[in-house]
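Letter by letter, the chains look like this.
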Amino acid sequence: MLAIFGAVIVVVGLAFWAGVGAGWLGRLPGDIRIERGNTAFYFPIVTCIIVSIVLTLLMSLFRR
């Protein structure tokens, strides 16, 4: 079970790295982005909350 879970995480990570979620991931309303000069600060708070909710729902389904 642990090996399957790890493989799924790797596949999802590679998909995000390839740009699958680039259109909406990290650009939701409520994500904090500050750019001034050569410095940029980026904190995707809403994206983190949504990912957390989805993972919580998935884990609760697997526990049953």
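Since the structure is predicted, the reported quantities are computational estimates derived from the model, not experimental observations. (Residues numbered from 1 in each chain as written. Predicted model: local features only at pLDDT ≥ 70, side-chain atom pairs only at ≥ 80, totals over all residues. Heavy atoms only, no water.)

Q: A description of the overall build of the protein chain should follow, citing residues and the corresponding values.
A: Tallying secondary structure elements over the protein chain gives two helices and two strands in all. Ordered by position in the sequence, the α and β elements of the protein chain form the string α-β-β-α. Relative to the compact-globule value of 11 Å for 64 residues, the protein chain shows a C-alpha radius of gyration of 15 Å, a clear excess of over 25%. Principal-axis analysis of the C-alpha atoms places the extent of the protein chain at approximately 50 × 25 × 20 Å. Looking at the 64 residues of the protein chain, the share that counts as buried comes to 8%. (Helix = DSSP H or I, 4+ residues; strand = E, 2+ residues; numbered from the N terminus. Rg over C-alpha atoms; globule rule 2.2 N^0.38 Å. Buried < 20%, exposed > 50% of the residue type's maximum accessible area, 1.4 Å probe, protein only.)

Q: Kindly report on the pattern of salt bridges, identifying the contributing residues and their values.
A: Going through the model one piece at a time under the given rule, you end up with one salt bridge. Measuring nitrogen to oxygen at the nearest pair gives 2.9 Å for the salt bridge that ties Glu35 to Arg33. A residue is classified by how much of its surface remains accessible, and Glu35, at 51% relative accessible area, is exposed. (Salt bridge = Lys/Arg side-chain N within 4 Å of Asp/Glu carboxyl O.)

Q: Explain the pairing of strand β1 (residues 32-36) residue by residue, including any values.
A: Across the five residues of β1, zero count as buried, placing the element largely on the outside. Hairpin geometry of β1 and strand β2 (residues 39-43) is characterised by an intervening segment of two residues between the two adjacent antiparallel strands and by a positive phi of about 65° at Gly37. (Pairing = 2+ DSSP bridges.)

Q: Which residues make up the pairing of β2, and what values do they have?
A: Sheet topology note: the β1/β2 ladder contains five bridges and is antiparallel. Paired with Ile32 across the bridge in β2 is Phe43.

Q: Tell me about the environment of Phe41, and please be specific about residues and values.
A: Relative to the helices and strands, Phe41 resides in strand β2. Non-local contacts of Phe41, meaning those with residues more than four positions away in its chain, are made with Ile32, Arg33 and Ile34. (Contact = heavy atoms within 4.5 Å.)

Q: Give a description of the side chain of Asp31 that names residues and reports values.
A: Relative to the assigned elements, Asp31 resides in the loop between α1 (2-18) and β1. Judged by relative accessible area, which is 15%, Asp31 ranks as buried. Reaching out from Asp31, the side chain makes a polar contact with the backbone nitrogen of Val46 at a distance of 3.1 Å. Polar side-chain contacts of Asp31 include one of 2.9 Å to the side chain of Thr47. Other than its neighbours up to four places away in sequence, Asp31 contacts Gly26, Tyr42, Phe43, Pro44, Ile45, Val46 and Thr47. (Polar contact = N/O pair within 3.5 Å; in protein donor to acceptor, adjacent residues only side chain to side chain.)

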